[in-house]
Each structure stands twice: as C-alpha cells, then as structure tokens.
Amino acid sequence: MITKPVPALLCAPTGHNPTSRTTPELATALVYGQEANERTWRLAKMNLAIHGMDPKGVGERWADTFADDKLPDLKADFVMANPPFNMSDWARKSDDRRWRYGVPPQSNANYAWLQHIVSKLGDRGSAGVVLSNGSMSSKQSGEGEIRAAMIEADLVACMVALPANLFRTTAIPACLWFLTKDKSPQGARALDDRRSRVLFIDARAMGTMLDRTERILTEEDLEKISDTYHAWRGTKSAKDKGLSYENVLGFCHSATLEEIEKHDFVLTPGRYVGATEVKYDPDAEPVDESIARLTKELFAHLDESARLDAVVREQLGRIND
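Please read these numbers as outputs of a predicted model, since none were measured by experiment.

What to know about the packing of aromatic side chains
Item 1. Going through the model one piece at a time under the given rule, you end up with 10 aromatic pairs.
Item 2. Plain terms: the ring middles of phenylalanine 85 and phenylalanine 167 are 6.3 Å apart, the flat faces sit at 80° to each other, and that makes the pair edge-to-face. Pair noted here: phenylalanine 85 is in the loop between strand E3 (76–81) and helix H3 (110–119) and phenylalanine 167 is in the loop between strand E5 (156–161) and strand E6 (174–180), with a separation of 82 residues, a long-range link.
Item 3. According to the relative accessible area criterion, phenylalanine 85 is partly exposed, its value standing at 24%.
Item 4. Ring pairing ties together the aromatic residues Phe66, Trp90, Trp99 and Trp113, which thus form one cluster.
Item 5. The lysine or arginine in question, arginine 61, covers the ring of tryptophan 62, its NZ or CZ lying 4.2 Å from the ring centre.

So, in structure tokens, the structure goes:
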C-alpha cells in the first residue's frame, strides 16, 4: 500500500509475499503506516477494510511521521513508499535517532525519508522507494555524505532510472531506490550473494506514450525490469524461469562498492550501464550530406517565414487605410 505525503509500511510475516490482489497470504499480512493528511488516512483505512485487512495498523488518527512518529519501534519485512519529492517544509529534529547516517538538511527531506524507512526495516527487511532523480546525485547540504554512508553500510540493493512522463501531473523523471538490510544468500533461500554490490538499471528509454503527456510501462517493460532484478538476486522465481544475470550494455550493470566510490558515490544508473552500441546502417545518409540537406531546408523555412511576416505586416497596414 502506498499513501502520501508520508510513506506507508507493509509488514508481512516471514515466508509470505503480499501481492496487489487479496490472497490468503495477503489477508494474514500485518500492515502498518502513518499518514499526515486526514483524507488520505481515511482512504487508507477504507482500502484496507475493503480488502479484508485490519485497518488498525494505520493508527487511530493521522499524524506527521517526522514530528510525531507513531511507530518508533516498528520493524517491517517490506516497506513501500512514494513520499513527496524534495520537500522543504518538514519537521526536522537534528537529534532524531533515525538520522543514523547523517542529519538531513532542512531544505530537502529526501534523505530524511530514506533514513526513516531504513530505521523501520527488520534484520532482513527490504524497501522500495520512489524519489526524484536529484536524490541519486545531490551533494548539497551534506546529502552526498549521507548517501555515501548508506552505500558503505551496504543498504542499497538496486537503483532504477525511470522515463519521464510517468506521472499525469508532472513530466519530471523519477527513480526507484531498493534498499535492503541483508544481501547475503540468507540460508535456505539460497540467494546469490550480492554483498558489496549494487544493481543499476537504466529504464529511461522504456515505456509507451499514451498521449502527448503520459507514458506507461507495459507489462513487458515491468517484467523485463523485474526479471533483471530477480535474476541478479538469484530468487526462486528467477530460477524457476531459468534466468541468470549478466550485464547488458546500456541497460543494467552490477557494480562493486569500489566502482561506486570511484564515481564519488553518485547512484545515477547511466554512469554505470554505459551506452548502447550504435549499429552501422549502410543505407543511412552520410552525416555531411545530412547536415547540408537540413541546412538548406532550414534556410528555406526562414525565407518562407520572412515572406509571411511581410504579408502579415502589409495586411495589418491596410487596416488603418
């Protein structure tokens, strides 16, 4: 469940995998969250009740999670969050115990959200967070140091750069942070050991435009991204599909912490996945000829524009005659 403007927390019993549909496993999951907006809080409670889940986990009243954390001791298996981007109007307390990796600046709450979410993860907890692209590279007001500390603590599992126009209200591109407290094989789960590594996925070229302003990620797009992560982690679903991970130029790359340090702890996927090779087309127009043709066309359009401008001026002049 995702609520705004504060993230909701999804806590599931060990061995259960909540989905978007109501299932016996989902019905037994324990959902906790906190919401600052009354209307959104009421909608969250109603949504849980409709899906046969206990709504008590989102509290008896709405409240700001920064000013009044109602779940200070919660340790969740899974956290999903879509917090407001680059929020400057937030209740910052410099001595908050959640700021384990550095005190976030008052001017931007992005790293307050990330650290708040990390503080709620159990020993093997994982989180998925939607944030603005700036969160991957910002170095203002100590944010670079906080990001470096989180990376060195091996909390970042995967970074996904998303295409623009996914949101109806803004064209701003966003990114996905996948955080985890444990990248080890985790015993019987027999996952691939990804300690001291981060997976980078560049999905900026993916998606289909519905119209001039809105883009969607198709089921195939989502499956490609999901399969890439599961193959990298070596999950059961990936093994059942016979998937194995390999770096794909221009799309995904598994980087070591040493590589990330060389990039000054910037987490922008484009820095790591590289650029796809441009295929040579023997029938393509030579560059010099293309430039000459386009230049000729441009001058022709400029001449036509000048002619039309003169016509408009002449017609306007006749109005006063």
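Now, onward.
Notes on the packing of H3 against helix H4 (residues 143–152)
The relative placement of two packed helices is expressed as an angle between their axes plus a distance between the axes.
Item 1. Two numbers describe how H3 lies on H4: the axes approach to 11 Å, and their chain directions differ by 25°. When the axis of H3 is compared with that of H4, the two are roughly parallel. Relative to H4, the crossing made by H3 is left-handed. Here Tyr111, Leu114, Gln115 and Val118 of H3 lie close against H4, whose contacting residues are Glu143, Ile146, Arg147 and Met150.
Item 2. Broken down by class, the residue content of the contact of H3 with H4 amounts to five nonpolar, one polar and two charged.

Remarks on the pairing of strand E4 (residues 121–132)
On a regular strand, each side chain points to the face opposite its neighbour's, so the side chains alternate between the two faces of the sheet.
Item 1. Most of E4 sits inside the fold, with nine of its 12 residues counted as buried.
Item 2. Taken together, the five bridges between E3 and E4 define a ladder with parallel strand orientation. In the strand pairing of E4, alanine 76 is matched with leucine 121.
Item 3. Handedness of the crossover joining E3 and E4 through H3 is recorded here as right-handed.
Item 4. In the sheet, E4 pairs with E6 via seven bridges, with the strands oriented antiparallel. Residue valine 129 lies in a different strand from E6, and its bridge partner there is tryptophan 177.

Remarks on the nonpolar core
Item 1. By size, the foremost hydrophobic cluster in this structure holds 32 residues, and its most contacted members are Met150, Trp177, Phe200, Ile260 and Leu267.
Item 2. Leave out the neighbours within four places in its chain, and isoleucine 260 touches Ile151, Val198, Phe200, Ala255, Phe265, Val266, Leu267 and Tyr272.
Item 3. Counting residues in hydrophobic clusters, the runner-up holds 17 residues, among them Val160, Leu176, Ile225 and Phe251.

Topic: the side chain of glutamine 115
Item 1. Along the chain, glutamine 115 falls in helix H3.
Item 2. Residue glutamine 115 is classed as buried on the basis of its relative accessible area of 1%.
Item 3. There is a polar contact of 2.8 Å between the side chain of glutamine 115 and the backbone nitrogen of tyrosine 101.
Item 4. With near-sequence residues (within four places) excluded, glutamine 115 lies in contact with Arg98, Trp99, Arg100, Tyr101, Gly102, Pro104, Ile146 and Met150.

Looking at unusual backbone geometry
Item 1. Even without being a glycine, asparagine 86 presents a positive backbone phi close to 50°.
Item 2. Positionally, asparagine 86 belongs in the loop between E3 and H3.
Item 3. Located in the positive-phi region is aspartate 154, a residue other than glycine, with phi close to 60°.
Item 4. Relative to the helices and strands, aspartate 154 is located in the loop between H4 and E5.
Item 5. A relative accessible area of 15% means that aspartate 154 is categorised as buried.

Thoughts on the confidence of the model for the chain
Item 1. Looking at the chain as a whole, the pLDDT averages 88, with 88% of positions reaching at least 70.
Item 2. Residue range residues 1–9 is modelled with pLDDT below 50. Its contacts to residues more than four positions away, or to other chains, number 48 contacts.
Item 3. Of the regions scoring below 50 in pLDDT, residues 12–22 engages in 19 contacts with residues more than four places distant in sequence or in other chains.

Reading the values: rules and limits
- Residues numbered from 1 in each chain as written.
- Predicted model: local features only at pLDDT ≥ 70, side-chain atom pairs only at ≥ 80, totals over all residues.
- Heavy atoms only, no water.
- Phe/Tyr/Trp six-rings, centres within 6.5 Å; stacked < 30°, edge-to-face > 60°.
- Helix = DSSP H or I, 4+ residues; strand = E, 2+ residues; numbered from the N terminus.
- Buried < 20%, exposed > 50% of the residue type's maximum accessible area, 1.4 Å probe, protein only.
- Lys NZ or Arg CZ within 6 Å of the ring centre and 35° of its normal.
- Axes fitted to C-alpha atoms, helices over the stretch in contact; angles between N-to-C directions.
- Parallel < 35°, antiparallel > 145°, perpendicular 65-115°, else oblique.
- Left-handed = near helix turned anticlockwise from the far one by under 90°.
- Contact = heavy atoms within 4.5 Å.
- Nonpolar A, V, L, I, M, F, W, Y, C, P; charged D, E, K, R; others polar.
- Pairing = 2+ DSSP bridges.
- Right-handed = clockwise from strand over helix to strand, strands pointing away.
- Core = buried A, V, L, I, M, F, W, Y, C linked by side-chain atoms within 4.5 Å.
- Polar contact = N/O pair within 3.5 Å; in protein donor to acceptor, adjacent residues only side chain to side chain.
- pLDDT = per-residue confidence, 0-100.

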